[in-house]
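Analysis of the macromolecular model
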Amino acid sequence: MEFETRAIHTGQAPDPETGAVIVPIYQTSTFAQEAVGRFRYDYSRTANPTREALETCLASLESAEHGLAFASGMAAATTVMHLVSPGERVASVNDVYGGTYRLFERVYAPKGYSFDYLTAEELGAGLAARLDERTRLVWVETPTNPFLRVVDLAAAAEAAHAVGALLVVDNTFATPYLQRPLELGADLVLHSTTKYLGGHSDVVGGFVATGDGALAERLGFLQNSLGAVPGPFDSWLVLRGLKTLSLRMREHCANARQVAAFLDGHPTVARVHYPGLAGHPGHEIAASQMHDFGGMVSFEVDGSREDALRVVERTRLFTLAESLGGVESLIEHPGLMTHASLAGSPFELPDTLIRLSVGIEAAADLLADLEQALAGTAPHAGGS
Ligand SMILES: *Cc1c(COP(=O)(O)O)cnc(C)c1O
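Residues numbered from 1 in each chain as written. Predicted model: local features only at pLDDT ≥ 70, side-chain atom pairs only at ≥ 80, totals over all residues. Heavy atoms only, no water.

Things to note about the site of the ligand
Gly 73, Asp 170, Ser 192, Thr 194 and Lys 195 are the nearest of the 13 residues found near the ligand. Within the backbone of Gly 73, one N or O atom sits 2.9 Å away from an oxygen atom of the ligand. Here an oxygen atom of the ligand and a side-chain polar atom of Ser 192 are 2.8 Å apart. Its free accessible area being 380 Å², the ligand has 92% of it covered by the protein chains. Considered class by class, the residues forming the shell around the ligand number four nonpolar, six polar and three charged. (Near = heavy atom within 4 Å. Polar contact = N/O pair within 3.5 Å; in protein donor to acceptor, adjacent residues only side chain to side chain. Areas by Shrake-Rupley, 256 points an atom, 1.4 Å probe, with all protein chains shown as cover. Nonpolar A, V, L, I, M, F, W, Y, C, P; charged D, E, K, R; others polar.)

Given below as structure tokens:
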């Protein structure tokens, strides 16, 4: 079956008892047993039918045999980090989600785990030389956040496997509709389902998928032992989001393409970061491993931090807010908001950088909103 069909039907057959077309929200912590130890479900931390429907459906969309849902993207990341032991290394993309960087540096580094941060280019060809037998995980996002840099996933998988490491891909920005890392050799795919998969900015959740049975068994054990699981209602919201994922992603991509082209030609904009632009350094790789270029666009205003702050405070349709991937457009200042935890680190962001999560409103309205917000930013006289 095709992707769009599986998003609506896989793991979601009508309820045999009642005929309910939609998977019910099994809001229960425990289940009656027929006899001691004879049961389909026993306790909702271990397994719950609503969560299981989500796990089955989203695993299928990622071309995975196994899927595990978590209470948040960070809960998924924390659980995956339990595959690593102190003394082992993780090689991560340097442009990693700010919360993941904080987890690595402020939670795990003090416990004796080591982290190397590599650029998107270093994670492609030539990566093998930077890894060693202590490397347990190679942790990649592509496109990255907030610069939308692109990592060659097939090359990263080959280099990771050459030293016995696992390739973990945080696929939150692309979603399985645009990119399926397991098909390119990755071992684990991770999501913040809070973003495009939920799609309506009304739930926080996480997910991990894999095609490897032994890894799935270990992660299932960790999911139950660590207990960072989503409740039935949150699982149901993400499952509902998946049904329209393909429709929404097509609109996000089409709108983002127009927004990127508009910004690219605007006199008050110094640089646009969007992998769909031919001049973007990751354009070729993105075109080969993604079906389209996604709904996230970042740009740098030609001016000062105050100019950037004026723009993010002046938009009317683009709401000033953290997060991304909902139907509504959002605007934010990564340096002071989502990526504030990078302040003072080698990865501190330019203070003129603005990030857009382009929603699925009418493109003409979005362009008009950006036009009026940028109008007050005079082109910078001195250049730089
Ligand atoms: C939001 C996000 C996370 C963290 O997910 P939460 O659901 O907020 O815990 C991880 N990675 C990426 C790329 C994200 O955008």
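Notes on the environment of Thr 50
Its location among the elements puts Thr 50 in helix α2 (residues 49-61). Classification of Thr 50 by relative accessible area gives buried; the value is 0%. Sequence separation between Thr 50 and Trp 236 is 186 residues, and the spatial gap between their C-alpha atoms is 6.2 Å. In contact with Thr 50, other than residues within four places in its own chain, are Val 23, Pro 24, Ile 25, Tyr 26, Pro 232, Ser 235 and Trp 236. (Helix = DSSP H or I, 4+ residues; strand = E, 2+ residues; numbered from the N terminus. Buried < 20%, exposed > 50% of the residue type's maximum accessible area, 1.4 Å probe, protein only. Contact = heavy atoms within 4.5 Å.)

Examining the pairing of strand β1 (residues 66-70)
Burial analysis of β1 places four of its five residues in the buried class, the great majority of the element. With five bridges connecting them, β1 and strand β7 (residues 206-210) associate as antiparallel partners. Bridge pairing in β7 places Gly 67 opposite Ala 209. (Pairing = 2+ DSSP bridges.)

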